[in-house]
Amino acid sequence: MTIHLGEIAPDFEQETTFGPIRFHDWLGESWGILFSHPKDFTPVCTTELGAVAKLAPEWAKRNTKVIGLSVDPVGRHREWETDIAETQGARVDFPIIADADGKVAALYDMIHPAADPKVTVRTVFIIDPSKKVRLTLTYPPSAGRNFDEVLRVLDSLQLTDRHKVTTPANWTSGGDVIIAPSVSDEQARTLFPEGWKTLRPYLRLVRQPE
């Protein structure tokens, strides 16, 4: 099935390295990042899981849980975690789903047969506390992901959920943002009393709200 932005992320029960989980219950009131990798004991995936593990303090600051997935069984995941710790300098402290039956991969459209019918592509989903899908990214098996970009979008989503703003191209936290087009100048004077810079009536830049 195809997952669209704004839809409720499909729930599932599956075995993981942390034991069996029901996905929605595991997420609780947190944001979530579900990301798949083609298979265990592969070079790109090893670097990716190490990168995600090193970002543990950043996920915690953003009330975000991360969970990986591949089609390999739990025992193989656990063996691989030793290699990840030794080669990447970070211990995997988040669950990895053992999707040997492909149930979750099918729910989230992670198998692209024309690319490879046997493994999952590198997919990322950001899911908000209401269980809605807020971002989808799909990479080919050969290209490692930039998890700084995943963090950047997560920051943008959390900021724009709190304030009536959007974020411009290449924005990073602390940079100027855009007043949402739905906000009139009259409303903006209340919301942003320090003022803003108007480049066009539809393009009004303002300091990032706290």
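Our structure is the block above this text.
Bear in mind that the values here come from a model prediction, so they are computed numbers and not experimental data.

A. Broad picture of the packing of aromatic side chains. Across all of its chains, the model carries 7 aromatic pairs by this definition. Ring geometry for phenylalanine 23 and tryptophan 26: centres 6.2 Å apart, planes at 20°, overall stacked. Of this pair, phenylalanine 23 and tryptophan 26 are both found in helix H1 (residues 23-27), 3 residues apart, which corresponds to roughly one turn of the helix. Tryptophan 26 sits in the buried class, given a relative accessible area of 18%. The rings of Phe12, Phe23, Trp26, Tyr108 and Phe125 are connected pair by pair, giving a single aromatic cluster.

B. Spotlight on the pairing of strand S3 (residues 31-36). A large share of S3 lies buried, amounting to 6 of its 6 residues. Side chains Trp31, Ile33 and Phe35 project from S3 onto one buried face, and the interleaved Gly32, Leu34 and Ser36 project onto a second face that is buried too. Relative to strand S6 (residues 122-127), S3 runs antiparallel, the two sharing 4 bridges. Paired with phenylalanine 35 across the bridge in S6 is valine 124.

C. Summary view of the nonpolar core. With 25 residues, the main nonpolar core has Ile33, Phe35, Leu49, Trp59, Phe94 and Ile126 as its most contacted residues. Those elements that provide at least two residues to this core are S3, helix H2 (43-54), helix H4 (74-88), S6 and helix H6 (147-162). With 6 residues, H6 is the single largest residue contributor to this core. Setting aside residues no more than four positions away along its own chain, tryptophan 59 makes contact with Ile33, Val52, Thr64, Val66, Val150, Leu151 and Leu154. With 18 residues, the next largest nonpolar core counts Leu27, Leu69, Ile97 and Met110 among its residues.

D. Quick peek at H4. Spanning 15 residues, H4 covers 20 Å between terminal C-alpha atoms, matching the ideal 21 Å at 1.5 Å per step. Inspection of H4 places Val74, His77, Trp80, Glu81, Ile84 and Gln88 among the buried residues, and these make up the whole buried set. Projection of H4 onto a plane perpendicular to its axis shows the buried side chains occupying an angular sector of 125°, all on one side. What points out from H4, more than 90 degrees from its buried face, is the exposed set Glu79 and Glu86. Directly beyond the C-terminal end of H4, a positive phi value near 70° is found at glycine 89.

Definitions and limits used
The numbers attached to residues start from 1 for each chain and follow its sequence in the written order. Per-residue local features of the predicted model are confined to residues with pLDDT of at least 70, and side-chain atom pairs are confined, for both listing and counting, to 80 or more; whole-chain, interface and lining totals are unaffected and use all residues. Excluded from the side-chain calculation are hydrogens and water; included are all heavy atoms of the structure. Stacked, edge-to-face and tilted are the three classes for Phe, Tyr and Trp ring pairs, Trp counted by its six-membered ring, which pair at centre distances within 6.5 Å; planes under 30 degrees apart are stacked, over 60 edge-to-face, the rest tilted. In DSSP terms, a helix is any run of H or I states spanning at least four residues, a strand is any run of E spanning at least two, and both are numbered starting from the N terminus. Relative accessibility under 20% of the residue-type maximum defines a buried residue, over 50% an exposed one, and the middle range a partly exposed one, all with a 1.4 Å probe and only protein chains included. The pairing criterion is simple: DSSP has to find at least two bridges between the two strands. In these notes, a set of buried Ala, Val, Leu, Ile, Met, Phe, Trp, Tyr and Cys residues joined through side-chain atoms within 4.5 Å is what counts as a nonpolar core. Whether two residues touch is decided by their heavy atoms; if any such pair falls within 4.5 Å, the residues are in contact. Between the first and last residue of a helix there are one fewer steps than residues, each counted as 1.5 Å, and that sum is the expected span. Each C-beta atom gives one direction from the helix axis, and the arc is the one those directions make.

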